[in-house]
Amino acid sequence: MTHSELILLGDAVWLDFVNSARGRTLSPPDLLPDAQAYARWSRALQLDAGGSADFPLALSFRHQLSALAEALHAGLQPPAASITAINAQLAHAPGTHQLTRVSGTWRLRFAPLRPAGTLEAVARSAAATLADPQTFVRQCAAETCSLFFSDDSPNQSRRWCTPALCGQNGRVERRRGQLH
Ligand SMILES: [Zn+2]
């Protein structure tokens, strides 16, 4: 896998993880077909995938996060199983809570004791999105594109995963309410 084969929008790690099973075409290939691909994907994001025994858990976590992204895009409550899976991953990360001053404001931050494993980092990213009322999860409006992105623009006006690839003239926009 080269970097050009990765789909990394860079909005949120957990959405990049969910998007690894999606794409801009109707039947996109799974970018994480095996443990080796998962390890390469993790390395590209400077995360530690762990051993290949962790791969089945990664796939089931991705499935639960996909359900979460679909629910958020549809304006529904997050599935309970997705929240449980996120909390289970958050519980793995050893670290301490610390008060830090950022631009004159006190923030409560979690300082991990070791570099984050992939699923821990993905879980933290999903938790941060859920905990931020100003961030919305959307699916790209292009007809054949199933990628999710996060939108924290003031009036939630973002419609495309990548304007240059999906927002150009000639693309048929997905009809309102139609997911695929
Ligand atoms: Zn798109």
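Residues numbered from 1 in each chain as written. Predicted model: local features only at pLDDT ≥ 70, side-chain atom pairs only at ≥ 80, totals over all residues. Heavy atoms only, no water.

Novice: How should I be thinking about the layout of surface pockets in this particular structure?
Specialist: Taking a probe equal in size to a water molecule and rolling it over the atoms shows the remaining empty space. Approximately 240 Å³ is the volume found for the second largest pocket. Around the second largest pocket, the lining residues are Leu90, His97, Leu108, Arg109, Phe110, Arg124, Ala127 and Ala128. Taken together, the elements giving at least two residues each to the lining of the second largest pocket come down to β2 (105–112) and α5 (118–131). Residues of the lining of the second largest pocket, tallied by class, amount to five nonpolar, one polar and two charged. (1 Å grid on protein atoms, 1.4 Å probe; cavity = no way out; pocket = protein on both sides within 12 Å on 5 of 7 lines; lining within 4 Å. Points joined across faces, edges and corners; volume = space filled by probe spheres on them. Helix = DSSP H or I, 4+ residues; strand = E, 2+ residues; numbered from the N terminus. Nonpolar A, V, L, I, M, F, W, Y, C, P; charged D, E, K, R; others polar.)

Novice: Help me out: how do you make sense of the nonpolar core in this one?
Specialist: Trp14, Phe17, Tyr38, Phe61 and Leu65 are the most contacted members of the largest nonpolar core, which has 25 residues in total. Elements represented by at least two residues in this core include exactly α1 (13–19), α2 (35–44), α3 (55–73), α4 (80–90) and α5. Sorting elements by how many residues they give to this core places α3 first, with six residues. Those residues in contact with tyrosine 38 that sit more than four places away from it in its chain are Phe17, Leu32, Ala49, Phe55, Ala58, Thr118 and Leu119. The next biggest cluster of nonpolar side chains, apart from the first, holds eleven residues, and it includes Ile7, Ala141, Ala142 and Cys145. (Core = buried A, V, L, I, M, F, W, Y, C linked by side-chain atoms within 4.5 Å. Buried < 20%, exposed > 50% of the residue type's maximum accessible area, 1.4 Å probe, protein only. Contact = heavy atoms within 4.5 Å.)

Novice: Please explain the packing of α3 against α4 as it appears in this structure.
Specialist: Helices that pack against each other are described as a pair by the angle of their axes relative to one another and the distance between those axes. At a minimum axis distance of 8 Å, the contact between α3 and α4 shows a crossing angle of 135°. Looking at the two axes, α3 sits oblique to α4. The two elements α3 and α4 meet at a crossing, and its hand is left-handed. For the pair α3 and α4, the contacting residues are Leu57, Phe61, Gln64, Leu65, Ala67 and Leu68 in the first and Ala81, Ser82, Ala85, Ile86 and Gln89 in the second. Here the contact of α3 with α4 is built from residues that sort into eight nonpolar, three polar and no charged. (Axes fitted to C-alpha atoms, helices over the stretch in contact; angles between N-to-C directions. Parallel < 35°, antiparallel > 145°, perpendicular 65-115°, else oblique. Left-handed = near helix turned anticlockwise from the far one by under 90°.)

Novice: Please clarify how the coordination of the zinc ion should be interpreted in this entry.
Specialist: Between any two of four tetrahedral donors, the ideal angle at the metal is 109.5 degrees; between two of six octahedral donors, it is 90 or 180 degrees. Around the zinc ion, the protein contributes the donor atoms Cys140 (SG), Cys145 (SG), Cys161 (SG) and Cys166 (SG), which lie 2.3 to 2.4 Å from the metal centre. Relative to the metal, the four donor atoms surrounding the zinc ion lie at angles of 103 to 118°, and the coordination shape comes out tetrahedral. All donors of the zinc ion come from a single chain, and their spacing in sequence reads C-x4-C-x15-C-x4-C. Of this pair, cysteine 145 sits in the loop between β3 (136–139) and β4 (148–151) while cysteine 166 sits in helix α6 (residues 163–166), and the two are 21 residues apart along the sequence. Taken individually, cysteine 145 and cysteine 166 each receive the classification buried, so the pair is uniform in this respect. (Donors = N, O, S within 2.8 Å, 3.2 Å for Na, K, Ca; no water. Tetrahedral: all angles 85-135°; square planar, octahedral: opposite > 155°, others 65-115°.)

Novice: Can you walk me through α2 in this structure?
Specialist: Because an α-helix completes one turn every 3.6 residues, residues spaced three or four positions apart along the sequence face the same direction. All buried positions along α2 are accounted for by Ala35, Ala37, Tyr38, Trp41 and Ser42. In a view along the axis of α2, the buried residues occupy a sector of 160°, so they form one face of it. In this structure, the buried residues of α2 make contact with α1, α3 and α5. Positioned one or two residues after α2, glutamine 46 has a phi angle of 60°, which is positive. (Arc of directions from axis to C-beta.)

Novice: Where do I start with the packing of aromatic side chains in this structure?
Specialist: Counted according to the given criterion, the structure contains three aromatic pairs. Seen from their ring centres, phenylalanine 17 and tryptophan 41 are 5.4 Å apart, and the 55° between their planes marks the pair as tilted. Highlighted residues: phenylalanine 17 in helix α1 and tryptophan 41 in helix α2, separated in sequence by 24 residues. Assessed through its relative accessible area of 1%, tryptophan 41 is described here as buried. (Phe/Tyr/Trp six-rings, centres within 6.5 Å; stacked < 30°, edge-to-face > 60°.)

Novice: It is not clear to me how α4 should be interpreted in this structure. Could you clarify?
Specialist: When we look at burial in α4, the residues that qualify are Ser82, Ala85, Ile86 and Gln89. One side of α4 holds all its buried residues, which, seen down the axis, span an arc of 100°. Away from the buried face of α4 by more than 90 degrees, exposed residues Ala80 and Thr84 are located. Check the buried side of α4 and you find it contacts α3 and α5.

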